Amino acid sequence: MVGRGETTDAAWARIEPLLPQRDGAGRPWRDHRQVVNGVLWRVRTGAPWRDLPERYGPWQTVYRRFARWEKDGTWAALLREVQVRSDAVGSVEWAVAIDSTVARAHQHAAGARKKGTGPEDESDDPAAVARREALGRSRGGLTTEIHLAVDGRGLPLSILLSTGNTADCTMLPAVLDAIRVPRTGGGRPRTRPDRVAADKAYSSRKIRRLLRRRRIKAAIPEHRDQIAGRASRASRASRASRASRASRASRASRASRGGRPPAFDRAAYKGRNVVERCFAKLKQFRAVATRFDKLANRYRAGVVLASLILWLRAEEQ
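Residues numbered from 1 in each chain as written. Predicted model: local features only at pLDDT ≥ 70, side-chain atom pairs only at ≥ 80, totals over all residues. Heavy atoms only, no water.

Visitor: Explain the overall build of the protein chain here, please?
Guide: When helices and strands are tallied, the protein chain shows 13 helices and seven strands. Per-residue burial for the protein chain yields a buried fraction of 43% across its 317 residues. For the protein chain, contacts bridging at least 24 residues in sequence account for 65% of all contacts bridging at least 6. Entry remark: accessible area of the protein chain is about 17,400 Å², with carbon and sulfur atoms responsible for 48%. (Helix = DSSP H or I, 4+ residues; strand = E, 2+ residues; numbered from the N terminus. Buried < 20%, exposed > 50% of the residue type's maximum accessible area, 1.4 Å probe, protein only. Contact = heavy atoms within 4.5 Å. Areas by Shrake-Rupley, 256 points an atom, 1.4 Å probe, with all protein chains shown as cover.)

Dropping the structure here:
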């Protein structure tokens, strides 16, 4: 019988062939399904590893398997394989929405090792360690920010972490670069969505130029101060033009200083809420909603595993 929050038979049939069959010493693994269900229990409840129920085996075994598969990329490979399979059958909707959410860091998340984990010039710098472990101090305390790019169904395509006080717009290029869905027939992975929808926090000339250069349509509204600034520039240019009886060349100059408003597709922007719904689903996993892990890589592995569950549920529907 499948317990609450555990992998269903259909989901397990999908991921079992992708898991390692033997450890490095050639010894057989403890039952993979038992261990994966133990990891899911912890991500879903947010409880300490030592409180893992006995039905999942020794907590040390479950934690070591979770940490080992985070380090060798097994969790990320499972998510990538599910994405590849969905893209191969045309299920992935490449109208992408991008946004971020903040997760409060529990007091147990602070205190990662400062020595031996980074360059010598940063090993003793608490600020450098905090940046590396994606812990930023905000008004509410230590926080971590999760940046997502999701497809049109609200399923994660790329996942990045940053400190909680990082500006959203600075992370958009990295979030786009992290989208890499290999193709089953060979060739280059797909990295370019058809459209990107994002809120006003991502409205900047730099981001719009980046999207135009990559031939990606943008559905990003403008800030009111950006609209007012453009109108002000156009008004000043118009007054100067009338005063000097400007020609067509002067009107072109006015356009360059004021500029026409960027194209904005309101209908496409309505689809941006899929990323908000994705965050709501991910935060049903308590170890995602609140960060308990000291290491950013371990916390991200929990987000990846929760995202994998969302993809598997979508396949079953």
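And the narrative resumes.
Visitor: What is the right way to look at the side chain of Gln83 in this model?
Guide: In this fold, Gln83 is placed in helix α4 (residues 74-88). Among residues more than four places away in sequence, those in contact with Gln83 are Val92, Pro156, Leu157, Val181 and Trp311.

Visitor: What should I look at first to understand the packing of aromatic side chains in this one?
Guide: Given two aromatic rings, their pairing is described by the distance between the two centres and the angle made by the two planes. Under the criterion given, the structure shown has five aromatic pairs. Centre to centre, the rings of Trp69 and Trp75 are 5.3 Å apart; their planes meet at 70 degrees, and the pair counts as edge-to-face. Each member of the pair, Trp69 together with Trp75, is buried. (Phe/Tyr/Trp six-rings, centres within 6.5 Å; stacked < 30°, edge-to-face > 60°.)

Visitor: Got a minute to help me understand unusual backbone geometry in this structure?
Guide: Apart from glycine, the bulk of residues carry a negative phi angle, and the bulk of peptide bonds sit in the trans form. At Ala134, a residue that is not glycine, the phi angle is positive and equals roughly 55 degrees. Looking at where Ala134 falls in the secondary structure, it is placed in the loop between α5 (126-132) and β2 (136-138). One non-glycine residue, Arg215, lies in the positive phi region at around 60 degrees. Along the chain, Arg215 falls in the loop between α7 (205-213) and β6 (217-219). Looking at Arg215, the relative accessible area reads 64%, which means it is exposed.

Visitor: Looking at this structure, how should I read the pairing of strand β4 (residues 156-163)?
Guide: On any regular strand, side chains alternate: one points to one face of the sheet, the next to the other face. The buried fraction of β4 amounts to seven of the eight residues, a majority that puts the element mostly inside the structure. Two strands pair when backbone bridges link them, and strand β3 (residues 141-150) and β4 are joined in this way by seven bridges, in the antiparallel orientation. Counterpart to His147 in the pairing with β4 is Leu160. Adjacent in sequence and paired antiparallel, β3 and β4 are bridged by five residues, among which Gly154 carries a positive phi angle near 85 degrees. (Pairing = 2+ DSSP bridges.)

Visitor: Help me out: how do you make sense of the pattern of salt bridges in this one?
Guide: Between side chains of opposite charge, a pair can form when the charged atoms approach closely. If you walk through the whole model with that rule in mind, you get twelve salt bridges. Measuring nitrogen to oxygen at the nearest pair gives 2.9 Å for the salt bridge that ties Asp9 to Arg33. One end of the pair, Asp9, is in helix α1 (residues 9-15); the other, Arg33, is in helix α2 (residues 32-45), with 24 residues separating them in the sequence. The class for Asp9 is exposed, based on a relative accessible area of 53%. Arg298 is paired through a salt bridge with Glu70; the nearest N and O atoms lie 3.1 Å apart. Here Glu70 lies in helix α3 (residues 59-71) and Arg298 lies in helix α13 (residues 296-316), a separation of 228 residues in the sequence. Using a relative accessible area of 19% as the deciding quantity, one classes Arg298 as buried. On the accessibility criterion, Glu70 (18% relative accessible area) is buried. (Salt bridge = Lys/Arg side-chain N within 4 Å of Asp/Glu carboxyl O.)

Visitor: Please clarify how helix α11 (residues 273-282) should be interpreted in this entry.
Guide: Note that an α-helix has 3.6 residues per turn; residues three or four places apart therefore point the same way. Of the residues making up α11, those classed as buried are Val274, Val275, Cys278, Phe279 and Leu282. Down the axis of α11, the buried side of the element spans an arc of 145 degrees, and every buried residue falls inside it. (Arc of directions from axis to C-beta.)

Visitor: Can you help me understand the packing of α3 against α13 in this one?
Guide: For any two helices packed against each other, one specifies the inter-axial angle together with the distance between the axes. Across the interface, α3 lies against α13 with an axial gap of 10 Å and an inter-helix angle of 95 degrees. The angle between the axes of α3 and α13 places the two elements in the roughly perpendicular class. Here α3 contributes Tyr63, Phe66, Ala67 and Glu70 to the contact with α13, which in turn contributes Asn297, Arg298, Ala301 and Gly302. Residue composition of the contact of α3 with α13, grouped by class: four nonpolar, two polar and two charged. (Axes fitted to C-alpha atoms, helices over the stretch in contact; angles between N-to-C directions. Parallel < 35°, antiparallel > 145°, perpendicular 65-115°, else oblique. Nonpolar A, V, L, I, M, F, W, Y, C, P; charged D, E, K, R; others polar.)

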